[in-house]
Amino acid sequence: PPLYKQRYQFVKDLVEKYKPKKVADLGCADCSLLWMLKFCSCIEVLAGLDICANVMKERMHTLSPLPVDYLQPSERSLTVTLHHGSVAHKDPCMLGFDLVTCIELIEHLEESELKKFPEVVFGFMAPSIVVISTPNSEFNCLLPQVMLYRHPDHKFEWSQAEFQSWALETARCYDYSVEFTGVGHPPTGMEKVGFCTQIGVFFRKYPQTGESVQSEKPMEAVYKTFYKGLK
Ligand code: SAM
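So, here is what we can say about the structure in this document. Source: prediction; values computed, not measured. (Residues numbered from 1 in each chain as written. Predicted model: local features only at pLDDT ≥ 70, side-chain atom pairs only at ≥ 80, totals over all residues. Heavy atoms only, no water.)

Along the backbone of the protein there are 7 helices and 8 strands. For 231 residues, the compact-globule formula gives about 17 Å, and the C-alpha radius of gyration of the protein, at 18 Å, lands near that figure. Projecting the C-alpha coordinates of the protein onto the three principal axes gives extents of approximately 50 × 40 × 30 Å. The buried share of the protein, taken over its 231 residues, is 47%. On the protein, roughly 12100 Å² of surface is accessible, and the fraction owed to carbon and sulfur atoms is 56%. Here the protein contributes 24 positive and 28 negative side-chain charges, whose respective centroids are spaced 4 Å apart. (Helix = DSSP H or I, 4+ residues; strand = E, 2+ residues; numbered from the N terminus. Rg over C-alpha atoms; globule rule 2.2 N^0.38 Å. Buried < 20%, exposed > 50% of the residue type's maximum accessible area, 1.4 Å probe, protein only. Areas by Shrake-Rupley, 256 points an atom, 1.4 Å probe, with all protein chains shown as cover. Lys, Arg positive; Asp, Glu negative; His and termini not counted. Charge placed at Lys NZ, Arg CZ, Asp CG, Glu CD.)

See below:
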């Protein structure tokens, strides 16, 4: 399967394993991953955030309930919400999530946004699990075209050592542990190059106390919510 499908499948497997009830996808783009996650029966709340409202709107309608959902109402309720905003800003609508996914997002962030990102995701949202994927620059020598980056909008592409040192430092700062893996295997004999897409799965070390969830968090909304669907 194409690489993006392998990334989505990786997230889906993680959901099947840990059964989060509330999942937020940051940099959700055309909502393809959200659409896939809609079918995971453990999920009750799905939220998407992107800085580009137009790309979210493209296939937003696919998140609406299907006729079958009305004909065979299930026990489970599912709420899907889409927000327009940046991962560099905190918004209370992003509190209380169990799993936060950032698939091919960080390499699109400006330096100033990337600086704020850990405090927003790990410090403020503070979900039990965060998954972050990003290109592995060491794999680029195996790709057909010769380009600086895989996509013109990439602000950087990190080697395994660069990603891992950023991830370990972030995990240390916010009391998370992190495990490294990836999708897109290198050919036999080239294992040192690593996966085409590198992935870090972060686990919060300590449970959040009710107090830390509520207090000291700015309660002013900065994102624009433009879609709310119920199943
Ligand atoms: N996660 C999707 C996937 O894996 O198919 C899309 C990844 S796409 C390469 C990166 C997305 O991040 C784009 O939709 C872009 O608009 C969004 N993005 C870039 N900067 C952002 C920011 N500061 N806050 C939220 N989203 C951002």
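Close approach of charged atoms allows side chains of opposite charge to pair. In this structure the tally under the stated criterion is 5 salt bridges. Between arginine 59 and aspartate 30 there is a salt bridge; the shortest N-O distance is 3.9 Å. Placement of the pair is arginine 59 in the loop between α3 (53-58) and α4 (67-71) and aspartate 30 in the loop between β1 (22-26) and α2 (32-37), with a sequence separation of 29 residues. On the basis of relative accessible area, arginine 59 is assigned to the partly exposed category, the value being 32%. Aspartate 30 gets classed as partly exposed once you look at its relative accessible area, which sits at 22%. Here lysine 90 makes a salt bridge to glutamate 119, at a shortest N to O gap of 3.1 Å. With lysine 90 in the loop between β3 (79-84) and β4 (99-103) and glutamate 119 in helix α5 (residues 111-125), this residue pair connects regions lying 29 residues apart in the sequence. (Salt bridge = Lys/Arg side-chain N within 4 Å of Asp/Glu carboxyl O.)

It is worth spelling out a nonpolar patch on the surface at this point. Together, Trp35, Phe39 and Leu66 make up an exposed nonpolar region whose accessible area comes to about 270 Å². Mapped onto the elements, tryptophan 35 comes out in helix α2. (Patch = residues over 30% accessible without salt bridge, like charges linked within 9 Å, V, L, I, M, F, W, Y side chains within 5 Å.)

The immediate surroundings of the ligand are formed by 15 residues, with Tyr8, Gly27, Asp50, Ser86 and Ile103 found nearest. A distance of 2.6 Å separates an oxygen atom of the ligand from a polar side-chain atom of aspartate 50. For the ligand, a nitrogen atom lies 3.0 Å from a polar atom in the side chain of serine 86. Contact with the protein chains covers 83% of the free accessible surface of the ligand, which is 600 Å². Counted by class, the shell around the ligand contains 8 nonpolar, 4 polar and 3 charged residues. (Near = heavy atom within 4 Å. Polar contact = N/O pair within 3.5 Å; in protein donor to acceptor, adjacent residues only side chain to side chain. Nonpolar A, V, L, I, M, F, W, Y, C, P; charged D, E, K, R; others polar.)

Bringing the pairing of β3 into the picture now. Of all 6 residues in β3, 5 are buried; the element is thus mostly enclosed. Pairing between strand β2 (residues 45-50) and β3: 6 bridges, direction parallel. For aspartate 50, the partnering residue across the bridge sits in β3 and is histidine 84. (Pairing = 2+ DSSP bridges.)

The next thing to look at is the side chain of aspartate 50. Structurally, aspartate 50 can be placed in strand β2. One buried charged residue, aspartate 50, remains without a salt bridge, the closest side chain of opposite sign being lysine 155 at 11 Å. Side-chain polar atoms of aspartate 50 contact the backbone nitrogen of alanine 29, separated by 2.8 Å. For aspartate 50, the side chain forms a polar contact with the main-chain nitrogen of cysteine 52, separated by 2.9 Å.

Another aspect to go through is unusual backbone geometry. With phi around 70°, cysteine 31 is a residue other than glycine that occupies positive phi space. Counting through the fold element by element, cysteine 31 comes out in the loop between β1 and α2. The exposure class of cysteine 31 is buried, given its relative accessible area of 1%. Phi is positive for alanine 126, which is not a glycine, with a value near 45°.

Our focus in this paragraph is α5. When the terminal C-alpha atoms of α5 are compared, their 21 Å separation across 15 residues agrees well with the 21 Å that a helix rising 1.5 Å per residue should span. Of all the bends in α5, the greatest, near 30°, is centred on phenylalanine 117, and the proline proline 118 appears no more than four residues after it. Turning to α5, its buried residues are Glu113, Leu114, Phe117, Pro118, Val120, Val121, Phe122, Phe124 and Met125. Among the structural elements, β1, β4, β5 (129-135), α6 (160-173), β6 (176-183) and β7 (197-204) are those in contact with the buried residues of α5. Of the residues trailing α5, alanine 126 is marked for its positive phi of about 45°. (Expected span 1.5 Å × (residues − 1). Bend = angle between axes of the 7 residues up to and from the residue. Contact = heavy atoms within 4.5 Å.)

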